[in-house]
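Now for the letters of each chain:
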There are 2 protein chains.
Amino acid sequence: MPGSRAASSRLAIAARPFLARPDGDGARRDLLTPQERDRLASIASLVRIERGDILFRQGAEANAIYDIAGGVLKSVLQRPDGTRAILGFFFPQDIVGLAEDGRYVSTVQAVSGAVLYRMPLRALERLLKHDRELDHQFLLKACHELRGAQLHVLTLGIVRAEIRVLRFLGLMRQMQAPEAGLGSLIELPMSRADIAEYLGLTPETVSRVFARLRRAQIIASPNPHLIRVVDEERFLAIAEDEGRVRPPAPRVSAAD
Amino acid sequence: MPGSRAASSRLAIAARPFLARPDGDGARRDLLTPQERDRLASIASLVRIERGDILFRQGAEANAIYDIAGGVLKSVLQRPDGTRAILGFFFPQDIVGLAEDGRYVSTVQAVSGAVLYRMPLRALERLLKHDRELDHQFLLKACHELRGAQLHVLTLGIVRAEIRVLRFLGLMRQMQAPEAGLGSLIELPMSRADIAEYLGLTPETVSRVFARLRRAQIIASPNPHLIRVVDEERFLAIAEDEGRVRPPAPRVSAAD
DNA sequence: CTAGCCTCTTGATCGGAATCAAGGCGCGCC
DNA sequence: GGCGCGCCTTGATTCCGATCAAGAGGCTAG
């Protein structure tokens, strides 16, 4: 908020939905096709980073974007006071490197070891000039990313920690099993602290919520980084049905 | 999160920052120039709506975007359980109408009476095909909007209500006085309930926070919709300095 | 002018998440 | 193999925001 006195920065975007032919096949409209990926490959070089490594820092000059080949990354934003918020997690085939005014808007750090394709902006710029289709794909990504941020806002507006965590699990499942359904197994490569920073909670609370969900037989977890959804019904019921309403109020009112 | 099983929806965007010439003049890069606005005017028609009216609904078929000429609007998202979150407020010269897959992603409703320019998508599409510069402006808007959503996430991750409210005031001031500085007066056209839904709080809490800030002589407010920042120092200190840390701990430790 | 409604405000109580604190486990390093 | 360090978990307590409730002010319509 400070610093970027970007004036009347506000405004919703016109995402040119008309250009986004509804794409009947229902597939990941925000991912590049293999062909598009190939065209990008011509200007890309391979990069490896280790768990904990920082790919680039918030505010640094942006001179490349990255296509994730393997591993998981996180996008982190600093608050003026030093605390941080995690804006999102990125998986293989995601593209990271959003910049504004030539500077990266967030820090991107490896959650696990990762392999990426690095695409210098100058080369990408040249490529996109001649490839309007590819160019357009990037706009779609921007819109989709925005949608994601809006859902994040929606989740953070929920008071109850159980619901936030369950929605997070739903999101992770969706990202790992795009074809859906497959999904009772969810991998969580990130730490409890990471999850907490994404959800606006403390690590302790996240841990406690997992414990409660385990006791309630809604999930099971052989280890902290692997979750199995046991009771799909209640999983979805809690994740989607209530925002800030009171759920457990049987109120038998025995004496009445 | 449900419904749009948009598969691997995740991915950061490459905002083609290189195209966004840093624009030394520091002015609102996300706003159209008068010339661009004129070109758009050729396809626009005027629309008036009253306070409380809904411009369009989440999920409805998107066939136009709107340029706000006067008034204030809000963008609202429904949760599965019926509760809502406000994603943002929009002021004159902002553009609203983000869609995905041809459907509006959120409901937009008038906070006050408003006047807008309506631009049919079909006509806009034709226009943008011949006007690459204008086309590009829309991409910048998308990126800026995304930035805004990320700052919103940042604010919602903060625990203390005072800080959330103060950051909100800072945001409102910034949107009303792009030239900054001018700013000790802040107008709040929206209701306490609106502010609460934006900040993930209840109207009561918002009201109480204002009362506390007033008692602490940090702000003054002749009426609920007008705020004057009295103590700029502390205003900024609280809004920007602490995330979840304990502030009032003078601890004179008298006996020690 | 008054009745009714809506918004804002204030008060009292409750509950749940943060905080403070400590212990267990897995893993790499020595 | 054992030590030390992270990370996760669990417990006790505190505090703050949600909730329930009621009252005040303002605006509109009758």
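Our structure is the block above this text.
Because the structure is a prediction, the values reported are computed rather than measured.

Criteria and thresholds
Residues numbered from 1 in each chain as written. Chains lettered and ligands numbered in written order. Predicted model: local features only at pLDDT ≥ 70, side-chain atom pairs only at ≥ 80, totals over all residues. Heavy atoms only, no water. Helix = DSSP H or I, 4+ residues; strand = E, 2+ residues; numbered from the N terminus. Buried < 20%, exposed > 50% of the residue type's maximum accessible area, 1.4 Å probe, protein only. Contact = heavy atoms within 4.5 Å. Areas by Shrake-Rupley, 256 points an atom, 1.4 Å probe, with all protein chains shown as cover. Pairing = 2+ DSSP bridges. Phe/Tyr/Trp six-rings, centres within 6.5 Å; stacked < 30°, edge-to-face > 60°. Near = heavy atom within 4 Å. Polar contact = N/O pair within 3.5 Å; in protein donor to acceptor, adjacent residues only side chain to side chain. Nonpolar A, V, L, I, M, F, W, Y, C, P; charged D, E, K, R; others polar. Expected span 1.5 Å × (residues − 1). Axes fitted to C-alpha atoms, helices over the stretch in contact; angles between N-to-C directions. Salt bridge = Lys/Arg side-chain N within 4 Å of Asp/Glu carboxyl O. Disulfide = S-S within 2.5 Å. Core = buried A, V, L, I, M, F, W, Y, C linked by side-chain atoms within 4.5 Å.

1. Description of the overall build of chain A
Scanning chain A for helices and strands turns up seven helices and 13 strands. Burial analysis of chain A (256 residues in total) assigns 55% to the buried set. When contacts within chain A are restricted to residue pairs at least 6 apart in sequence, long-range pairs at least 24 apart make up 72% of them. Accessible surface, chain A: about 11300 Å² in total, of which carbon and sulfur atoms supply 50%.

2. So, the sheet that holds strand β3 (residues 64-70) of chain A
Strand order across the open sheet formed by four strands is β1-β10-β3-β6 (chain A), with antiparallel pairing between neighbours. Edge strands, defined here as strands with exactly one partner in the open sheet, are β1 (45-49) and β6 (95-96) of chain A.

3. Points about the environment of A:Glu125
Along the chain, the position of A:Glu125 falls in helix α2 (residues 121-129). With relative accessibility at 18%, the residue A:Glu125 sits in the buried group.

4. Topic: the packing of aromatic side chains
Summed over all chains, the structure comprises 10 aromatic pairs over all chains. For the pair A:Phe89 and A:Phe168, a centre-to-centre distance of 6.0 Å together with 65° between the ring planes defines the contact as edge-to-face. With A:Phe89 in strand β5 (residues 84-90) and A:Phe168 in helix α4 (residues 161-176), this pair connects stretches of sequence that are 79 residues apart. Pairing B:Phe168 with B:Tyr198 gives two aromatic rings, centres 5.5 Å apart and planes at 50°, and the pair type is tilted. Linking B:Phe168 in helix α4 (residues 161-176) with B:Tyr198 in helix α5 (residues 192-199), this pair joins segments that are 30 residues apart in sequence. Residue B:Phe168 is classed as buried on the basis of its relative accessible area of 1%. Following the ring pairs from residue to residue traces out a cluster consisting of A:Phe56, A:Tyr66 and A:Tyr104.

5. Focus on the pairing of strand β9 (residues 107-110) of chain A
Residues and elements named next belong to chain A. By the alternation rule, side chains of β9 split into Thr-107 and Gln-109 and Val-108 and Ala-110, which are all buried. Looking at chain direction, strand β2 (residues 54-56) and β9 are connected through two bridges and run antiparallel. Bridge pairing in β9 places Ile-54 opposite Gln-109. As paired strands, strand β4 (residues 73-78) and β9 are joined by four bridges and run antiparallel to one another. Paired with Ser-75 across the strands is Val-108, a residue of β9.

6. Examining the protein's contact with DNA strand D
Residues in contact with DNA strand D amount to 19 residues; listed here are only the nearest, A:Arg192, A:Arg208, B:Ala161, B:Thr205 and B:Arg208. Atoms of DNA strand D within 4 Å of the protein: sugar and phosphate make up 63%, bases the balance. Here A:Arg208 contributes a side-chain N or O atom positioned 2.8 Å from a base nitrogen of DNA strand D. At the level of secondary structure, the elements contributing two or more residues to the surface near DNA strand D comprise α6 (203-215) of chain A together with α6 (203-215) of chain B. The element best represented in the surface near DNA strand D is α6(A), accounting for five residues. The residue makeup of the surface near DNA strand D, split by class, is five nonpolar, six polar and eight charged.

7. Notes on α4(A)
The first and last C-alpha atoms of α4(A) sit 23 Å apart over 16 residues, in line with the 22 Å expected at 1.5 Å per residue. By the criterion of burial, α4(A) is predominantly enclosed, with 14 of the 16 residues buried.

8. Notes on the side chain of A:Glu162
Residue and element names in this part refer to chain A. Examined against the element boundaries, Glu-162 turns out to sit in helix α4. The class for Glu-162 is buried, based on a relative accessible area of 10%. Discounting chain neighbours no more than four positions away, the residues touching Glu-162 are Val-209, Arg-212 and Leu-213.

9. Overview of the sheet that holds β9(A)
All names here are of chain A. Here we have four strands laid out as an open sheet, ordered β2-β9-β4-β5, and antiparallel in their pairing. Taken across any chain shown, the strands that pair with only one partner, and hence form the sheet edges, are β2 and β5. Taken over all neighbouring pairs, the strand axes of this sheet differ in orientation by 30° on average, direction set aside. Bridge analysis of β4 against β5 gives six bridges, and the strand direction is antiparallel. Directly across from Leu-77, in β5, lies its bridge partner Ala-85. Contacts from helix α5 (residues 192-199) reach β4 and β5 within the one sheet, and its direction differs from that of β5 by about 105°.

10. Considerations on the pattern of salt bridges
Summed over the entire model, instances satisfying the criterion amount to 18 salt bridges over all chains. For A:Asp194, the salt bridge goes to A:Lys74, with nearest N and O atoms at 2.8 Å. Note that A:Asp194 is positioned in helix α5 and A:Lys74 in strand β4, a separation of 120 residues in sequence. For the pair formed by A:Asp194 and A:Lys74, the shared burial category is buried. The partner of B:Arg160 in a salt bridge is B:Glu162, with the nearest N and O atoms 3.5 Å apart. Through salt bridges with shared partners, one network takes in A:Arg160, A:Glu162 and A:Arg212.

11. What to know about the environment of B:Gly102
Tracing the chain through its elements places B:Gly102 in the loop between β7 (99-100) and β8 (103-104). A C-alpha to C-alpha distance of 8.7 Å links B:Gly102 and B:Gly59, two positions 43 residues apart in sequence.

12. Re the state of the cysteines
Going through the model one piece at a time under the given rule, you end up with zero disulfides over all chains. Sulfur of A:Cys143: no disulfide; nearest cysteine sulfur belongs to B:Cys143 and is 9.1 Å away. On the accessibility criterion, A:Cys143 (5% relative accessible area) is buried.

13. Some details on the nonpolar core
Most often, soluble globular proteins keep nonpolar side chains buried together rather than apart. The biggest cluster of nonpolar side chains holds 35 residues, and the ones touching the most others in it are B:Phe89, B:Phe168, B:Met172, B:Leu188 and B:Phe210. For this core, the secondary structure elements donating two or more residues are β5 (84-90), α4, α5, α6, β13 (226-229) and α7 (232-241) of chain B. Per-element accounting of this core gives the leading share, nine residues, to α4(B). Look past the residues within four positions of B:Leu188 in its chain and what remains in contact with it is B:Phe168, B:Leu169, B:Met172, B:Ile195, B:Phe210, B:Pro224, B:His225 and B:Ile227. A:Ile86, A:Ile158, A:Leu169 and A:Tyr198 belong to the second largest nonpolar core, which has 34 residues in total.

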